[in-house]
Amino acid sequence: MKKIKDIIFILTFIVLMPACAGADPESEGIFVTKVQEDSENTYQDPQNTEKGTENFEKAALPEEIYVQILGAVQKPGVYELPEGSRVFQAVELAGGLTEEADENSLNQAEVLEDGQMIQVLTTEEAESRQAALPDGKQEKDGKINLNTATREELLTLSGIGEAKADSILAWREAHGSFAQIEDLMKIEGIKEGVFSKIRDCVKVQ
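What comes next concerns the included structure.

Cut-offs used in this document
Residues numbered from 1 in each chain as written. Predicted model: local features only at pLDDT ≥ 70, side-chain atom pairs only at ≥ 80, totals over all residues. Heavy atoms only, no water. Helix = DSSP H or I, 4+ residues; strand = E, 2+ residues; numbered from the N terminus. Buried < 20%, exposed > 50% of the residue type's maximum accessible area, 1.4 Å probe, protein only. Areas by Shrake-Rupley, 256 points an atom, 1.4 Å probe, with all protein chains shown as cover. Pairing = 2+ DSSP bridges. Axes fitted to C-alpha atoms, helices over the stretch in contact; angles between N-to-C directions. Salt bridge = Lys/Arg side-chain N within 4 Å of Asp/Glu carboxyl O. Core = buried A, V, L, I, M, F, W, Y, C linked by side-chain atoms within 4.5 Å. Contact = heavy atoms within 4.5 Å.

1. Regarding the overall build of the protein chain
Phase 1 of the analysis: Scanning the protein chain from terminus to terminus reveals 8 helices and 5 strands.
Phase 2 of the analysis: Starting at the N terminus and ending at the C terminus, the protein chain contains elements arranged as α-α-α-β-β-α-β-α-β-α-α-α-β.
Phase 3 of the analysis: Out of the 205 residues belonging to the protein chain, those deemed buried represent 26%.
Phase 4 of the analysis: By element, 53% of the accessible surface of the protein chain is carried by carbon and sulfur atoms, the whole surface being about 14200 Å².

2. A look at the sheet that holds strand E2 (residues 77–82)
Phase 1 of the analysis: Taken in spatial order, the 3 strands line up as E2-E1-E3 in an open sheet, and their pairing is mixed. Taken across any chain shown, the strands that pair with only one partner, and hence form the sheet edges, are E2 and strand E3 (117–120). The sheet shows a mean angle of 30° between the axes of neighbouring strands, taken without regard to direction.
Phase 2 of the analysis: Two elements, strand E1 (residues 64–71) and E3, share 4 bridges in a ladder whose sense is parallel. If you follow Gly71 over to E3, its bridge partner there is Val120.

3. Some remarks on the pattern of salt bridges
Phase 1 of the analysis: All chains considered together, the criterion is met by 5 salt bridges.
Phase 2 of the analysis: The partner of Arg151 in a salt bridge is Glu162, with the nearest N and O atoms 3.9 Å apart. Of the two residues, Arg151 sits in helix H6 (residues 151–154) while Glu162 sits in helix H7 (residues 162–175), which places them 11 residues apart along the sequence.
Phase 3 of the analysis: Residue classification places Glu162 among the partly exposed residues on the basis of a relative accessible area of 33%.
Phase 4 of the analysis: Where Arg199 meets Glu182, a salt bridge forms, and the shortest distance between an N and an O atom there is 3.8 Å.

4. Quick look at the nonpolar core
Phase 1 of the analysis: Counting 19 residues, the largest nonpolar core has Leu154, Ile160, Ile168 and Leu184 as its most contacted members.
Phase 2 of the analysis: At the level of secondary structure, the elements contributing two or more residues to this core comprise H7 and helix H8 (192–198).
Phase 3 of the analysis: Beyond its immediate sequence surroundings of up to four residues, Ile168 is in contact with Leu154, Ile160, Phe178, Leu184, Ile187 and Ile190.
Phase 4 of the analysis: Counting 16 residues, the second-largest nonpolar core is a separate cluster that includes Val73, Ala90, Leu112 and Val120.

Structure (structure tokens):
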């Protein structure tokens, strides 16, 4: 009888020992696996992190444009500026206006475009161009007729330099006339940005 009690006591001890220890081998294995999975999920490849940072920095940096400024400035030349820059910033890079510059003929708040050329006139040049405008070419409404305008008249338009003025005259000669002012955008170098600046200053007849 005593042997039977001893056997029962030993079996009871074996059964209760894992519970008393508070460790379920199977659940302990699940816990370890979970920790390993969490560690793997939170690991980040340093190379991928660096690439992501580099891509973000590139996206944050504005694109660069190149413009040429010549005429009545201290240092004429080609300058690099961030996209969205304005004429006055290009003037600053060029050392500022000279004493002879005609500030009234220059829109310093104009937004620059890549490849744009800025011609800064002297007071004498601005007066000469104004005097060269033939009578009757610029109508009473102040708008320039694209089908009769001279090179000098076209140069008075904001954003229209010598190259663009010549392109307008060449297009008109090749096609006979402009049917609508929007035809200007068919000319290489005249984009929507330039057109929006002069659309209220031109007309066709």
